[in-house]
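# Residue-level structural notes
For reference, the chains in residue letters:
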Amino acid sequence: MRTDTPQTIYRKDYTAPSYLVDTVELGFDLDPARTVVANRMTVRRNPASAQREIELYGEDIELVSLRLNGRTLGEGDYVIEGTLLRIPNAPEEATLEIETICVPESNTTLSGLYTSNGSFYTQCEAEGFRRITYFPDRPDVMARYTVMLRADKDKYPVLLSNGNLIDEGILPDGRRYALWEDPFKKPSYLFALVAARIVCQEEDFELADGRTALLQVWVEEGNLDKTDYAMQSLKHSIRWDEERWDLELDLDRFMIVAVGDFNMGAMENKGLNIFNTKFVLANPRVATDVDFQGIEAVVGHEYFHNWTGNRVTCRDWFQLSLKEGLTVFRDQEFSADMIGTNTGRAVTRIDQVRTLRQAQFPEDAGPMAHPVRPDSFVEINNFYTVTVYEKGAEVVRMYQTLLGRDGFRKGMDLYFERHDGQAVTCDDFRLAMADANGRDLTLFERWYSQAGTPVVQAETRWDEAARTYTLRLVQSCPPTPGQPEKLPFHIPVAVGLLGRDGRDLPLTVDGKDHGTTAVLELTEADQTFTFTNVAEQPTPSILRDFSAPVILKYGYNDAELVHLFSHDSDPVNRWEAGQRLAMSRLLKLSGQVAAAGNADPKLDVDDVFIDAMRKILADDTLDPAFREQALLLPSETMIADQLDVVDPLAIHTARQFVRAAIGTRLRGELEAQYDANQTPGEYSPDAASIGKRALKNLALAYLCAAPDDASLDLARRQFDGATNMTDRAAALSALVHARAPAAGDALQRFYDEFQGEPLVVDKWFAMQASAPTTDVNRVRDLMTHKAFTLRNPNRARSLVSTFCAGNPVGFHAPDGSGYAFWAEQVIALDALNPQVASRLARAMDRWRRYTPDLQAQMKRALQQVAGQAKLSNDVREVVSKALA
Ligand code: PHE
Ligand code: ZN
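It should be emphasised that the depicted structure is a prediction, and the values quoted were computed from it without experimental measurement.

With that settled, the discussion passes to the overall build of the protein chain. Looking only at helices and strands, one finds 26 helices and 34 strands in the protein chain. In terms of overall dimensions, the protein chain has C-alpha extents of about 85 × 65 × 60 Å along its principal axes.

Set out below in structure tokens:
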């Protein structure tokens, strides 16, 4: 917590480290109230640096002693300024010995070494290692680590760190010790230790080259019944990396440890991944389908980091997307391959598009907009964003779209060949892709350097006489903070043309045969492409498979959209046509509600839309998973993103009206699908069953959106009879959202049954926090519940963040009470955990787009936070950028 003005760090100021570290020996005497850390490292001057001082970082630790080549350094031998410790006049090579003390039990930031439920865990990315010892804590300093852990043998029966276990036993003083050695050099952010009372599920697993690795999933004792799926996901991940990329596990042992207090999803520490319990623990009783899918994706993600992140790491934190964008892309491909079927893949792709529109497009259009590779930051923790992760993954995906799967694989191979063991940049990745394929990808760099979502405006013309069809694409990109003007992007635009019968027409461009989907390369501001031999007026299907993270504008009429929605061979664009149909209705209705004020807006939904929905719903040739996606309306956030002036209540009213209309007018079809998509027998989280449950539960939600007794009864019966959490939670949510008389009792019974399962209690809070009937008073009430605490990030998020970011009606109450609550909670959380506080702070990002009354009150709340004398860099950066 600093009170001075925070410093902005610029990418252009990068300089190589002055000293390199070859080996690090760490000794820990673990005590919650006073942990002593002994650090002995061998360092040598970096020939690539002009700087001659040793530079070490340290934060919130007490320096006990500092020795250089055996000599204790005194006051005059080094300088400490803030977090930087400098040793001038250092020799070319030296052994540094540093002893420090930290207090894990009072570390509420969950960065560095901390305790959770009485055990020790670490989190070092991005800059947490400096909270453990003084070190050149930057990712381009890679060293070999040996770690000795010593702790009370009864309280901490398990002592883990990176790499291989060399020795363990009991010390003369009765404590337990364990010695670990990591054979690979690594940056300090990948260091980890665990000293805990935990147990594991373990297995020997044979690798592709015949070696055997020991796989372990570590959890607290009562949770051994929830580790199967994580273990299975880990084995699938290892196989997939071998099969798709020829990348093998490089260690004899790979460990996953679950911890209940964790800021993020999980962390890829070398050989010792530490996970938020949310992404490990699952069984059908407590976890939903979405939870199971999240576990598979995150276990994969962290495992895949072993090559994309650990073996090849980032030169500096501006390059974060080098590892995150690439690893998200890899986990997305993994999830898609695990499903295998074409529509299954498409459904995962649709989910990705939804995430982008729900979270990344708004970020790219708001005050925190930044390029995939940012140019500056105040606090790096604020840049673990959907832009760096999800847009970064889209950028990686575009290489594959442009180069083809084989070309992309060649690029990956060259990337590893060139850079294994190095700390590199996004440019190095791009060059590997270009060189492996003999392509010039200079223009493609703009995806890394320019923020904002490009807009592609399309126009078409069919020339009957010439039998040509021209597609004109005009691109632009709105200004973002610090970037008033943009240059054209290199955009792959995948296009198909549908004939009148709904089938794909064969495509010829410039005399070249493109099959039925052409990947056009838009590189200029304004470009025209001509398809030849087009015998009929086609319907264009543009941006198939969402081939680029852009906003496509094209003047589709309803008939064309219905045609695409019924026939497009590209499932993503088929879904997209339905979203466009829905969005035009939602925007019109929102406008009507807003304009009517207190008068009756006389809303109506047309038959064209309802009939299109009916047709998809009842089409049994389509996967239930796809039908569920096709029937799901754009979210309130996505609707808001289309409007210049946002009236959250009007948007909610309009969307609810459409949901109720679907519930009423498709009642028979919804009931039929509800019955047809039951999944009797033993629960299984396979894609087909998940799809059925999703469609069935969406049908239930629509039926309850226009609640009649029969529908509410259906929900109540599903709640009572559910044999898995997916069905139970869906039924409870339907009851709560419908304000059913049975909701209160159901909530109580749910809590009583699951109060011993923290992750389910999180769901219980979140479900209430997101209900549009929940106002700030109800949230304050829930905060006094004995199960509530701000100190646990999952719990704080489940109630406070869900209300502020996931309940537009409650949060944007006209009296400003939601905003006052937000300010209060940001300030309270900031004193405990700046990272969690700062994410909550972002709920106000787009305050300038709301109606004048709301805007004024939001501004006041932002100013109240900004006016605090004591604020973390994290929150200060977010609120000052919002107000700028
Ligand atoms: N590197 C982690 C991941 O994406 C995320 C993370 C960042 C976790 C910072 C903790 C702290 O896999
Ligand atoms: Zn990651």
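Inspection of the secondary structure puts F377 in strand β24 (residues 376-377). Separated by 362 residues in the primary sequence, F377 and T15 have C-alpha atoms spaced 16 Å apart. In contact with F377, not counting residues within four places along its chain, are I9, N382 and F383.

Here we come to the site of ligand 1. Looking at ligand 1, there are 13 residues lining it, with E125, M264, M267, E268 and Y384 nearest. Looking at the shell around ligand 1, the elements that each hand over two or more residues are β21 (266-267) and α2 (289-304).

Another aspect to go through is the confidence of the model for the protein chain. When pLDDT is averaged across the protein chain, the result is 98; 100% of the residues are at 70 or more. Confidence metrics for the complex model read pTM 0.99 and ipTM 0.99.

Below, the discussion takes up helix α23 (residues 817-832). An ideal rise of 1.5 Å per residue puts 22 Å on 16 residues; α23 measures up with 23 Å between its terminal C-alpha atoms. Among the residues of α23, those classed as buried are G818, Y819, F821, W822, A823, Q825, V826, L829 and D830. Looking at the buried side of α23, the elements it contacts are α20 (776-783), α21 (793-806), α22 (808-811), α24 (834-841), α25 (852-866) and α26 (873-883).

This part is about the environment of Y751. With respect to the helices and strands, Y751 occurs in helix α18 (residues 743-754). For the pair Y751 and E202, spaced 549 residues apart in sequence, the C-alpha to C-alpha distance is 32 Å.

Our next topic: the nonpolar core. Core analysis: the biggest nonpolar cluster contains 256 residues, and V194, A195, V257, V280, V493, L700 and L735 have the highest contact counts within it. In this view, V280 contacts V217, V219, T227, A230, I256, A258, F275 and I295; residues no more than four positions away in its chain are not counted.

The subject of this paragraph is the UniProt feature "domain: Peptidase M1 alanyl aminopeptidase C-terminal" (unreviewed entry) in the protein chain. What UniProt calls "domain: Peptidase M1 alanyl aminopeptidase C-terminal" (unreviewed entry) maps, in this numbering, to residues 558-884. When the span residues 558-884 is considered, its composition is 72% helix and 0% strand, and the gap between its end C-alpha atoms is 41 Å.

Bridge analysis of strand β26 (residues 455-463) against strand β34 (residues 551-553) gives 3 bridges, and the strand direction is parallel. Along β34, the bridge assignment pairs V455 with I551. Here β26 pairs with strand β27 (residues 468-476) via 9 bridges, running antiparallel. Its bridge partner lying in β27, V455 is registered against S476. Hairpin connection from β26 to β27: 4 residues lie between these consecutive antiparallel strands, with R467 at a positive phi of about 50 degrees.

Turning to the pairing of strand β33 (residues 539-542), a few remarks are in order. Side chains T539 and S541 project from β33 onto one buried face, and the interleaved P540 and I542 project onto a second face that is buried too. Sheet analysis places strand β28 (residues 491-498) next to β33, joined by 4 bridges and oriented antiparallel. Its bridge partner being in β33, L498 is matched across the sheet by T539.

A sheet is described by the order of its strands in space; here 3 strands give the open sequence β31-β28-β33, paired in antiparallel fashion. Because the sheet does not close on itself, it has two edges, and the strands there are β31 (518-522) and β33. Taking the axes of each pair of neighbouring strands and ignoring which way they run, one obtains an average angle of 35 degrees across the sheet. Packing of helix α8 (residues 558-567) onto the sheet brings it into contact with β28 and β33, and relative to β33 it is tilted by some 65 degrees.

Spanning 12 residues, helix α10 (residues 607-618) covers 16 Å between terminal C-alpha atoms, matching the ideal 16 Å at 1.5 Å per step. Among the residues making up α10, those that are buried are F609, A612, M613 and L617. Across the axial projection of α10, the buried residues extend over an arc of 130 degrees, all falling on one side. Where α10 is buried, its residues contact α8, α9 (571-596), α11 (624-631), α13 (648-665) and α14 (667-676).

Contact geometry for α14 and helix α15 (residues 687-705): axes closest at 8 Å, N-to-C directions at 145 degrees. Handedness of the α14/α15 crossing: left-handed. Contacts between α14 and α15 involve R667, L670, Q673 and Y674 from the first element and L695, K696, A699, L700, Y702 and L703 from the second. Here the contact of α14 with α15 is composed, by residue class, of 7 nonpolar, 1 polar and 2 charged.

The subject of this paragraph is the sheet that holds strand β19 (residues 212-219). The strand order β18-β19-β20-β22-β21 describes an open sheet built from 5 strands, whose pairing is mixed. What marks the edges here is a single partner per strand, and that holds for β18 (199-206) and β21. Here 2 bridges tie β21 to strand β22 (residues 272-276), and the two strands are oriented antiparallel to one another. Counterpart to M267 in the pairing with β22 is I274.

Moving on to unusual backbone geometry. In this structure, the amide linkage connecting E125 to the following residue, A126, adopts the cis form with an omega of -5 degrees. The topology assignment puts A126 in the loop between β11 (119-123) and β12 (142-151). The phi dihedral of L543 falls on the positive side, at around 70 degrees, and the residue is not glycine. Of note, L543 is situated in the loop between β33 and β34.

Here we take up the environment of A559. Tracing the backbone shows A559 in helix α8. For A559, a count of 10 C-beta atoms within 10 Å puts it in the exposed group. Considered as a pair, A559 and V608 are 49 residues apart in the sequence and their alpha carbons are 8.8 Å apart.

On to the packing of α11 against α15, then. Running from N to C, α11 and α15 point in directions that differ by 35 degrees, and their axes come no closer than 7 Å. Pair α11 / α15 crosses with left-handed handedness. Each of P624, A625, R627, E628 and L631 in α11 lies in contact with α15, whose residues at this interface are A687, I690, G691, K692, A694, L695 and L698. Here the contact of α11 with α15 is built from residues that sort into 8 nonpolar, 1 polar and 3 charged.

Conventions adopted
Note that residues are indexed from 1 along each chain, following the sequence as it is written. Whichever chain is written first is A, and whichever ligand is written first is 1; the rest continue in order. Totals for whole chains, interfaces and linings use every residue, but because this is a predicted model, local features are given only for residues with pLDDT of at least 70 and side-chain atom pairs only at 80 or more, for both listing and counting. Helical segments are the DSSP runs of H or I of at least four residues, strand segments are the runs of E of at least two, and each set is numbered from the N terminus. By definition, residue pairs are in contact when their C-beta atoms, positioned from the backbone, come within 7 Å. In this analysis a residue is considered near a molecule or strand if the C-beta atom, reconstructed from its backbone, is found within 6 Å of that molecule or strand. pLDDT is defined as a per-residue confidence score from the predictor, taking values between 0 and 100. A helix is expected to span 1.5 Å multiplied by its residue count minus one. With C-beta atoms placed from the backbone, a residue is labelled by how many other C-beta atoms lie within 10 Å of its own: buried for 20 or more, exposed for 12 or fewer, partly exposed between the two. Joined through C-beta atoms within 7 Å, a set of buried Ala, Val, Leu, Ile, Met, Phe, Trp, Tyr and Cys residues constitutes a nonpolar core. UniProt positions are given in the numbering used here, feature names are shortened, and annotations may be inferred rather than shown by experiment. Only strands that DSSP links by at least two bridges are regarded as paired with each other. Between N-to-C directions, angles cover 0 to 180 degrees, with each direction set by a line fitted to C-alpha atoms, over the stretch in contact for helices. Here the arc refers to the directions that run from the helix axis out to each C-beta atom. Throughout, a crossing is termed right-handed when the near helix is turned clockwise from the far one, and left-handed when it is turned anticlockwise from it by less than a right angle. Gly falls in the polar group here, along with every residue not listed as nonpolar (Ala, Val, Leu, Ile, Met, Phe, Trp, Tyr, Cys, Pro) or charged (Asp, Glu, Lys, Arg).

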